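So the chains spell out like this:
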Protein chains: 2
Amino acid sequence: MPLLKSWVASANNADHPFPLNNLPYGVFSTNGTEERCGVAIGDSILDLAAAEEAGLVTVCDIPVFDVPYWNDLMDLGSEAWDALRARLTEILAEGSADQAAAEPFLVPMAEATLHMPIVVSEYTDFYAGRNHAFNVGTMFRGPENALPPNWLHIPIGYNGRASSVVVSGTDIRRPWGQLKSPDQELPAFLPCRRFDLELEMGAIVGTASDGPITVQEADDNIFGYVLLNDWSARDIQAWEYQPLGPFQAKATATSISPWIITKPALEPFRTDTPAREFELLDHLKDCGPMLYDIDLAVTLAPEGKDATTLAKTNYKEMYYSAAQQLAHHTTSGCPMNVGDLLGSGTISGATKPERGSLLELSWGGKEPISLDTGETRTFLEDGDTLTLTGAAKGDGYTIGFGTCTGTVLPALKDPYAR
Amino acid sequence: MPLLKSWVASANNADHPFPLNNLPYGVFSTNGTEERCGVAIGDSILDLAAAEEAGLVTVCDIPVFDVPYWNDLMDLGSEAWDALRARLTEILAEGSADQAAAEPFLVPMAEATLHMPIVVSEYTDFYAGRNHAFNVGTMFRGPENALPPNWLHIPIGYNGRASSVVVSGTDIRRPWGQLKSPDQELPAFLPCRRFDLELEMGAIVGTASDGPITVQEADDNIFGYVLLNDWSARDIQAWEYQPLGPFQAKATATSISPWIITKPALEPFRTDTPAREFELLDHLKDCGPMLYDIDLAVTLAPEGKDATTLAKTNYKEMYYSAAQQLAHHTTSGCPMNVGDLLGSGTISGATKPERGSLLELSWGGKEPISLDTGETRTFLEDGDTLTLTGAAKGDGYTIGFGTCTGTVLPALKDPYAR
């Protein structure tokens with residue numbers, strides 16, 4: 001598929017993240033106005049609440065855009081999703097008969113504030129990137145026992161806190177927590193000393209299910225994808241995670257990018273999961289290419305300084321697709337709801353510059369990495385700004401994810417001061 | 001405090017679970033009517049939606065009862081909670097001037113269907129009963145390593161699935177899952193063979209928080225308590241839980257009792273947590289008696305047969321109170337919301353007849369237990385009905401929790417048949 005031309009000129013650029021081929025969905029506001037749904041096109045946002053009010057865009061004759069979330073649209077089902085995309089493509093295409101009617105509803109992106117695009121129903125985070133699991137396992141158990149026995153048979157995951165999911169741009173306060181230094185006999189309550197990022201992608205469940213579903217059904221139920229940074233307190237995690245898994249270490253915040261990139265936009269970039277060491281059981285078997293070839297990167301900028309690229313990787317490094325994760329999530333009969341968010345797990349490539357966390361980049365803090373500023377890092381310092389980016393490269397166009405950014409604020413001096 | 005007399009005669013009985021001292025909150029419907037809020041009094045329910053409509057009960061001049069959840073009332077804050085309880089006590093007391101006005105709104109309990117009392121925002125399950133943790137740890141690691149190093153310093157917990165929480169009376173379908181028999185080299189996808197109950201209590205968060213809160217603040221933020229059965233697939237759990245904790249093993253269902261017993265009803269039964277082996281860090285220190293003396297029991301009835309008491313225990317067996325669990329939950333800055341549900345963890349006493357799970361009662365399946373019917377059990381069989389009960393015994397009155405029940409249905413023959 002080539003670049004689809006739009007009458008919004010800024011969208012007709014091979015490197016622009018938001019061409020007509022993309023049509024990502026978000027929630028925005030402009031100075032003094034309510035949060036509402038919009039679709040990005042080039043350097044603009046089409047105000048869908050206003051377009052709906054004017055009768056330019058209607059879905060199932062039900063108003064769904066004058067709300068600060070995409071859950072209502074998702075609730076209408078995949079036929080409505082397809083109809084909306086078709087209508088938006090028609091309205092925004094070069095030569096559209098709707099151009100004059102739509103132009104008044106374009107808002108310059110530069111004037112907009114972006115908000116959480118969905119109400120997160122529940123949040124699950126997986127551990128389904130093989131290089132990451134191997135690296136972390138090697139650090140803790142040695143290379144011969146790096147992958148737990150179950151790892152090659154099921155996508156390992158844990159339930160996170162939906163309440164802690166925030167939109168890109170939200171500052172992240174370094175947490176306090178109970179932790180135990182190796183040289184101390186007893187734990188202490190202290191600010192986290194090993195605060196980290198995790199470069200992930202998030203899949204958004206758009207269709208509910210109530211019982212086990214197949215991998216194909218799971219893929220059908222996914223509405224779209226975002227970038228996701230799972231902020232992680234490694235020292236809190238080390239002390240708390242046995243035997244029931246990470247809890248407060250992962251509850252400070254998880255950042256997501258503000259634009260939902262829908263499945264149709266990513267369709268040309270589908271790719272297979274890697275070769276399997278063990279054949280997967282039937283209920284998890286691949287039923288087509290369900291990963292995507294999406295270049296990912298993360299940069300770190302110390303306060304007031306230029307950013308250094310920490311890692312470059314690709315979503316196709318995943319061992320399990322989001323569809324396989326979602327299918328596994330339902331095996332026990334677990335009901336899934338519209339707005340559930342599934343984190344992929346940290347995405348690391350095979351080599352050091354492809355590692356998606358400082359835990360791996362600094363090998364547990366033992367090998368500080370150098371920034372372009374001349375500084376070094378083992379874990380995050382106060383004032384550091386992390387920025388995730390993602391893009392799929394088509395034939396003369398780009399499907400961009402925008403950015404997922406967050407700045408680390410110093411820990412509170414006294415978390416119980418009122 | 002003695003029995004408070006009501007003009008609802010059935011409530012004036014020392015053994016009745018719902019005297020005027022209790023006033024538990026639930027959601028009910030009668031044949032063909034909408035689900036709405038009510039308060040139990042003796043053998044009746046006072047229809048609060050109707051009483052509100054008639055102007056008999058008003059809270060902050062905002063209608064909050066003609067909805068199928070108590071979240072709106074909780075949202076109004078603890079002063080509103082207190083005002084409601086005072087007004088209900090006034091209306092339902094013996095000699096009340098409101099008797100004639102209220103009588104038309106009494107619905108016989110026998111004619112009502114009970115529903116989920118709240119919208120569960122998120123669900124967390126703890127592992128904070130010492131005897132249970134010691135028993136399980138002993139089975140897997142021996143008595144000298146039974147408690148993990150962190151256990152005596154923080155209430156260990158994991159995030160569960162809010163979508164899987166159901167009200168008492170809901171049938172529970174035996175799950176399928178990936179599991180690996182000790183005698184097999186590879187896992188298989190099979191119906192669970194070691195399906196279990198966990199006798200717990202649930203605490204309902206009634207006030208939101210956004211940052212670390214003290215144990216006293218946490219106690220203030222709790223609205224009330226319910227009985228909770230955390231249905232657990234032990235074989236699925238054994239295969240999946242390393243390294244990130246239980247996931248699908250705990251996602252089939254968690255049952256809660258339909259009546260929320262509020263903190264004021266439980267106030268006379270406050271009791272201290274047990275002696276501490278290690279002094280807790282300041283942020284988790286007890287600041288008063290925050291457990292409750294509540295007798296708990298669980299029975300098992302095979303299909304069509306009489307029930308056998310499996311275990312009797314007491315909520316005061318907990319090592320950490322719900323207030324300590326909630327305070328710990330916020331240490332990392334994790335936002336907590338109205339309607340969050342915290343499971344206590346399995347409550348077991350020191351002796352065998354006090355163990356709150358079949359895993360402990362049958363010692364991992366090695367020592368089948370005998371039922372009064374002559375049958376034996378290691379884990380649950382299809383058709384088994386489990387019933388949890390709870391009651392605090394006052395001076396001439398009872399604060400009852402009602403029952404939390406569920407029947408095990410056979411696994412689906414083919415979970416992917418459509």
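Computed from a predicted structure; not experimentally measured. Sequence order as written defines the numbering, with residues in each chain counted from 1. Going through the entries in the order they are written, you letter the chains from A and number the ligands from 1. In keeping with the predicted nature of the model, local features appear solely for residues at pLDDT of at least 70, side-chain atom pairs appear and are counted solely at 80 or more, and the whole-chain, interface and lining totals rest on all residues. Calculated side-chain values reflect all of the structure's heavy atoms, with hydrogen atoms and water omitted.

**Let's talk about the pattern of salt bridges**
Residues and elements named next belong to chain A.
Turning to step 1, where the next piece is worked out: The salt bridge definition used is simple: a Lys or Arg side-chain nitrogen within 4 Å of an Asp or Glu carboxyl oxygen. Within this structure, the stated rule accounts for 48 salt bridges over all chains.
Turning to step 2, where the next piece is worked out: Between R130 and E277 there is a salt bridge, with the nearest N and O atoms lying 2.6 Å from each other. Of this pair, R130 sits in helix α5 (residues 130-141) while E277 sits in the loop between β19 (270-271) and β20 (291-292); the two residues are 147 residues apart in sequence, bridging distant segments of the chain.
Turning to step 3, where the next piece is worked out: The residue D196 makes a salt bridge to R234 at a minimum N-O spacing of 2.9 Å. Taken as a pair, D196 in strand β12 (residues 195-196) and R234 in helix α7 (residues 234-240) lie far apart in primary sequence, 38 residues in all. Per residue, the accessibility class of D196 equals that of R234, and both read buried.
Turning to step 4, where the next piece is worked out: The network of salt bridges with common partners includes D196, E198, D230, R234 and K250. In DSSP terms, a helix is any run of H or I states spanning at least four residues, a strand is any run of E spanning at least two, and both are numbered starting from the N terminus. When a residue's accessible area, from a 1.4 Å probe over protein chains only, is under 20% of the maximum for its type it is buried; when over 50% it is exposed; and in between it is partly exposed.

**Let's talk about the domain arrangement of chain A**
Residue and element names in this part refer to chain A.
Turning to step 1, where the next piece is worked out: All domain edges in this entry derive from an automatic or database-based domain assignment. Parsing chain A into structural domains produces domain 1 (9-115) and domain 2 (123-409).
Turning to step 2, where the next piece is worked out: Taking only C-alpha atoms into account, the centre of domain 1 sits 29 Å from that of domain 2.
Turning to step 3, where the next piece is worked out: Only heavy atoms matter for contacts: two residues are in contact if any of them lie within 4.5 Å across the pair. Listed by partner, the interface residues are 25 residues for domain 1 and 25 residues for domain 2.
Turning to step 4, where the next piece is worked out: The quantity reported as buried area is the accessible area (1.4 Å probe) lost by two parts once they are put together, taken as the sum for both. Taken together, both faces of the contact between domain 1 and domain 2 bury some 1900 Å²; the carbon and sulfur share is 67%.
Turning to step 5, where the next piece is worked out: Interface area lost by domain 1 to domain 2 is led by Y25, M74 and W81, which between them contribute 28%.
Turning to step 6, where the next piece is worked out: For the interface between domain 1 and domain 2, the tally reads 1 salt bridge.
Turning to step 7, where the next piece is worked out: Between D15 and K393 there is a salt bridge, with the nearest N and O atoms lying 3.0 Å from each other.

**As for the relation of the copies chain A and chain B**
Turning to step 1, where the next piece is worked out: Once turned by 180° and shifted 0.0 Å along the axis, chain A lies on chain B with an RMSD of 0.0 Å. Here the symmetry operator amounts to a two-fold rotation axis. The C-alpha atom lying nearest the rotation axis in chain A is that of A:G245; the distance is 2.1 Å. The least-squares superposition of copies is restricted to C-alpha atoms, and to residues with a pLDDT of at least 70 in both copies.

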